[in-house]
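# Structural overview for review
Chain residues, written in single-letter form:
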Amino acid sequence: MVVLREGMCPGLDEALVRDLRAAGITTVEDVVSSDIEELAQRCTVSYKALFAIRRVLLAQHAAFPVSGADLYEELLSSTAILSTGNPSLDKLLDPGLYTGEITELSGGPGSGKSQVCFGVAVHISYQLKQSVIFIDTTGGLTASRLLQMLQAETSNTEEQMAALQRIHIFRLFNVFSLLDCLYGLRGGRLQQACVGGGSVKAVIVDSVSAVIAPLLGGKQNEGMSLMIQVAGVLKTMAKDFNVAALVTNHVTRSVGGEVQPGLGASWSHIPRTRILLERQERAADISHSSVRSATLIKSSRRPCHIREQFDLQWWSRSKEESSGKRKRDETGS
Amino acid sequence: MQRSVFSLSLSPSVKRKLVNAGFQFTNDLLHLKPVQLSKEATLSQLEALEVLQAVRKEGGGGDAGASSSLTALDLLQKEQDLRRIVTFSSQLDAALGGGLPVGKTTEICGAPGVGKTQLCLQLAVDVQVPQCFGGIGGQVVYIDTEGSFLLQRVVDIATAAVQHCSLLVEDDEQRVAMTTFTVETILSNTFLVRCHDYVELLAELHLLPDFLSDHPRVRLLVIDSVAFPFRQHFEDLSQRTRLLNGLAQQLIAMATSHNMAVLMTNQMTTRLRGGQSQQVPALGETWGHAPTSRLLLHWAGSRRLAAIFKSPDHTGATVQYQITSEGFRDIDQSEQTHTVQSTASQRDTGH
């Protein structure tokens, strides 16, 4: 539904808009669905003129088909697969984060969602030399941890600082400021953000559930609508600007005690790939193990329910031991 | 893509009126005047003005959103400027990376009597240690929901802290600072709020931003405990989860905008899984995401242990501590096997 305005297409002048409005026609939808012949009589406009206006409006607002071959061509030229920097996760994601898609990480408290997000941000900004937008809604982001991860990659301070400058951070704590920010990025601020060198390749939202969950349930249904708004703008942004969107989600426990991602069934259709992170259950009450398991629960590329183990220490490892560790990781998985 | 009016921060009834009048996207509203809009969408002029301001802010003002963006480098510098609140236990400080982080939320979970409130009281005093002694010289807002705020304990801890600092005085600056760091000033810089149920707690948190603007030196907010008011009077658990999620976002927003540490305590509950019982923090799985870091206090025989269970910048660690008459302290390395009481008395005579 778009409101009719003068100058939207040739022939649609102020007088005509007024006449149409008097006849109860205010939106493009009304024009398209009304009987042109009858309308022409009521508004005393020529049938031909109205018909032309309708054709232009239809052409302006309709979607048009694209051939699969063209689409494939475009896909090959524009899609990038961004490595997460962690071989086990890459293996699960076959073989990384795809641009133009939403990937979701869900998991309980302390399961390593934020750590994976930090790792991905650092890997993209340092190894791939591209910009990253990090939207922090839980206050969990600490730059000192990013620095720690960078220090594990390089000892060159200048490179560390340059990499930190390629990570752009938004700290937003409610859904409306998140929407403002996403629409702002969508409306062109995304390109402005890449002034510091390298284009924006990933948008990370940690966590999307923190701002949406307080609105869901109860008698109000506004929360659902806002959730779909967030999903919509994330999806179109990912597609139009060819960025990978990485979001995190909390988990809930079903009646049977099984862990499942939060935000309900409607949200489950939004991410293309979903990964569930879990702590390794140990006999001891509190384990300080940094090993986490990642389970693929939704994917269009690989069979679901594949499980991989990875170590959160991976991103803070020092360069020298990395080769040995990689070997161990490969045999382990 | 056009932005739907539903995504604007307006009241639902206003949004419904807009859509009924045919305005589904913000673009349709950009060229309108408030009077026109109020007539077409049957809104009051004030509402119409509000709508247009919301639309313009989103559409035209490129700076409105961009100002909140900063690079990780800026954030790093900001973080390094903020000092942490020391706990008076060097081991716990080390595990936390120098003390309680300012601008973040931290939760302390633990069984009754393990020392949650003691740590809260200790930090309420510690936040006031003058800057020249390595403190941050702030004030504290202490929200007490359980009625466990014991003034006598605060006086004990404050006396010990003042005494500790007076022993460290070396230069004139510190001598001057000591004149304003007394038990009286510590007490007058502590703002105690007693909340009896969750409605009072939520109401208090809504009013707190104004209070913080009037008192810019507040660096610590303690809620002891967040669990107590939320573990009673709730029939609808999903409503509880929703309120708690909202509360968490409010707290972290306040912590970030006022550069303030938020410290909450939580109780423990028993979860049955596969025939085994396990002690887990209360308030459910979702609440676990709320605090930035989580500290678990527990008993191991007669020893008290503090474990970092969740933290964005530190790996898990477990340290041992003791509660003495002076407050929350390290355990003496050589006395690890002794009981808490005996080491406490030894430390007393040692001073």
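Residues numbered from 1 in each chain as written. Chains lettered and ligands numbered in written order. Predicted model: local features only at pLDDT ≥ 70, side-chain atom pairs only at ≥ 80, totals over all residues. Heavy atoms only, no water.

Our focus in this paragraph is the nonpolar core. In terms of nonpolar packing, the biggest core is built from 45 residues, with I85, L220 and L263 of chain B touching the most fellow members. If we ignore the near neighbours within four places in the chain, the residues touching L220 of chain B are I85, L100, L123, A124, V127, Q139, V140, V141, M260, A261 and L263 of chain B. (Core = buried A, V, L, I, M, F, W, Y, C linked by side-chain atoms within 4.5 Å. Buried < 20%, exposed > 50% of the residue type's maximum accessible area, 1.4 Å probe, protein only. Contact = heavy atoms within 4.5 Å.)

Residues and elements named next belong to chain B. Taken together, nine strands build an open sheet; the order of strands is β4-β3-β5-β6-β2-β9-β10-β11-β12 and the sheet is mixed. Looking at which strands have only one partner, the edges of the open sheet turn out to be β4 (190-194) and β12 (327-330). Going across the sheet, the axis of each strand differs from the next one's by a mean of 25 degrees, ignoring polarity. Bridge count for strand β9 (residues 293-300) against strand β10 (residues 303-310) is seven bridges, and the pairing is antiparallel. Counted as the bridge partner of L296 is A307 from β10. Packed on one face of the sheet, helix α12 (residues 198-214) meets β3 (139-144), β4 and β5 (218-224) and runs near 175 degrees to β5. (Pairing = 2+ DSSP bridges. Helix = DSSP H or I, 4+ residues; strand = E, 2+ residues; numbered from the N terminus. Axes fitted to C-alpha atoms, helices over the stretch in contact; angles between N-to-C directions.)

Nonpolar side chains collect at one region of the surface, where F64, V66 and L71 of chain A lie side by side and expose about 340 Å² of accessible area between them. With respect to the element layout, L71 of chain A can be found in helix α5 (residues 68-78). (Patch = residues over 30% accessible without salt bridge, like charges linked within 9 Å, V, L, I, M, F, W, Y side chains within 5 Å. Areas by Shrake-Rupley, 256 points an atom, 1.4 Å probe, with all protein chains shown as cover. Salt bridge = Lys/Arg side-chain N within 4 Å of Asp/Glu carboxyl O.)

Our next topic: a negative patch on the surface. All names here are of chain A. Judged by side-chain charge, E6, D13, E14 and D19 come together as a negatively charged surface patch. Relative to the elements of secondary structure, D13 occurs in the segment before α1 (14-22). Taking the relative accessible area as the measure of exposure, D13 reaches 42% and is therefore partly exposed. (Lys, Arg positive; Asp, Glu negative; His and termini not counted. Charge placed at Lys NZ, Arg CZ, Asp CG, Glu CD.)

Residues and elements named next belong to chain B. Counted according to the given criterion, the structure contains six cavities of 30 Å³ or more. Of the pockets and cavities examined, the largest cavity occupies roughly 100 Å³. Forming the walls of the largest cavity are 13 residues, and the residues nearest its centre are R84, P101, S293, S311 and D313. Its residues assigned to classes, the lining of the largest cavity shows five nonpolar, five polar and three charged. (1 Å grid on protein atoms, 1.4 Å probe; cavity = no way out; pocket = protein on both sides within 12 Å on 5 of 7 lines; lining within 4 Å. Points joined across faces, edges and corners; volume = space filled by probe spheres on them. Nonpolar A, V, L, I, M, F, W, Y, C, P; charged D, E, K, R; others polar.)

The next point concerns the UniProt feature "domain: RecA family profile" (unreviewed entry) in chain B. In the numbering used here, UniProt assigns the "domain: RecA family profile" (unreviewed entry) feature to residues 81-268 of chain B. Between the C-alpha atoms that bound residues 81-268 of chain B there is a distance of 35 Å. The span itself is 49% helix and 16% strand. (UniProt positions renumbered as here; feature names shortened; annotations may be inferred.)

All right, on to the side chain of Q322 of chain B then. Looking at the secondary structure, you find Q322 of chain B in strand β11 (residues 318-324). From its side chain, Q322 of chain B meets the backbone oxygen of D330 of chain B in a polar contact 2.9 Å long. (Polar contact = N/O pair within 3.5 Å; in protein donor to acceptor, adjacent residues only side chain to side chain.)

Time to look at the sheet that holds strand β6 (residues 200-206) of chain A. Pairing is mixed across the open sheet formed by nine strands, whose spatial order is β12(A)-β11(A)-β10(A)-β3(A)-β7(A)-β6(A)-β4(A)-β5(A)-β1(B). Looking at the sheet topology across the chains shown, the edges are occupied by β12 (307-311) of chain A together with β1 (69-71) of chain B. Within this sheet the neighbouring strands show an average axis-to-axis angle of 25 degrees, counted without direction. Bridge count between strand β10 (residues 273-279) of chain A and strand β11 (residues 291-298) of chain A: six bridges; the pairing is antiparallel. Directly across from R279 of chain A, in β11 of chain A, lies its bridge partner R292 of chain A. Across the sheet, helix α6 (residues 72-81) of chain B lies against β5 (167-171) of chain A together with β1 of chain B, angled at about 85 degrees from β1 of chain B, the strand it touches most.

Turning to the packing of helix α7 (residues 113-126) of chain A against helix α8 (residues 143-153) of chain A, a few remarks are in order. All names here are of chain A. One way to put it is that α7 packs onto α8 with a least axis distance of 10 Å and a crossing angle of 50 degrees. Overall, the two elements α7 and α8 adopt an arrangement that is oblique. The hand of the α7/α8 crossing is right-handed. Residue-level contacts link Q115, F118, G119, V122 and Y126 of α7 to R145, L146, M149, L150 and E153 of α8. Among the residues making up the contact of α7 with α8, the classes are represented as six nonpolar, two polar and two charged. (Parallel < 35°, antiparallel > 145°, perpendicular 65-115°, else oblique. Left-handed = near helix turned anticlockwise from the far one by under 90°.)

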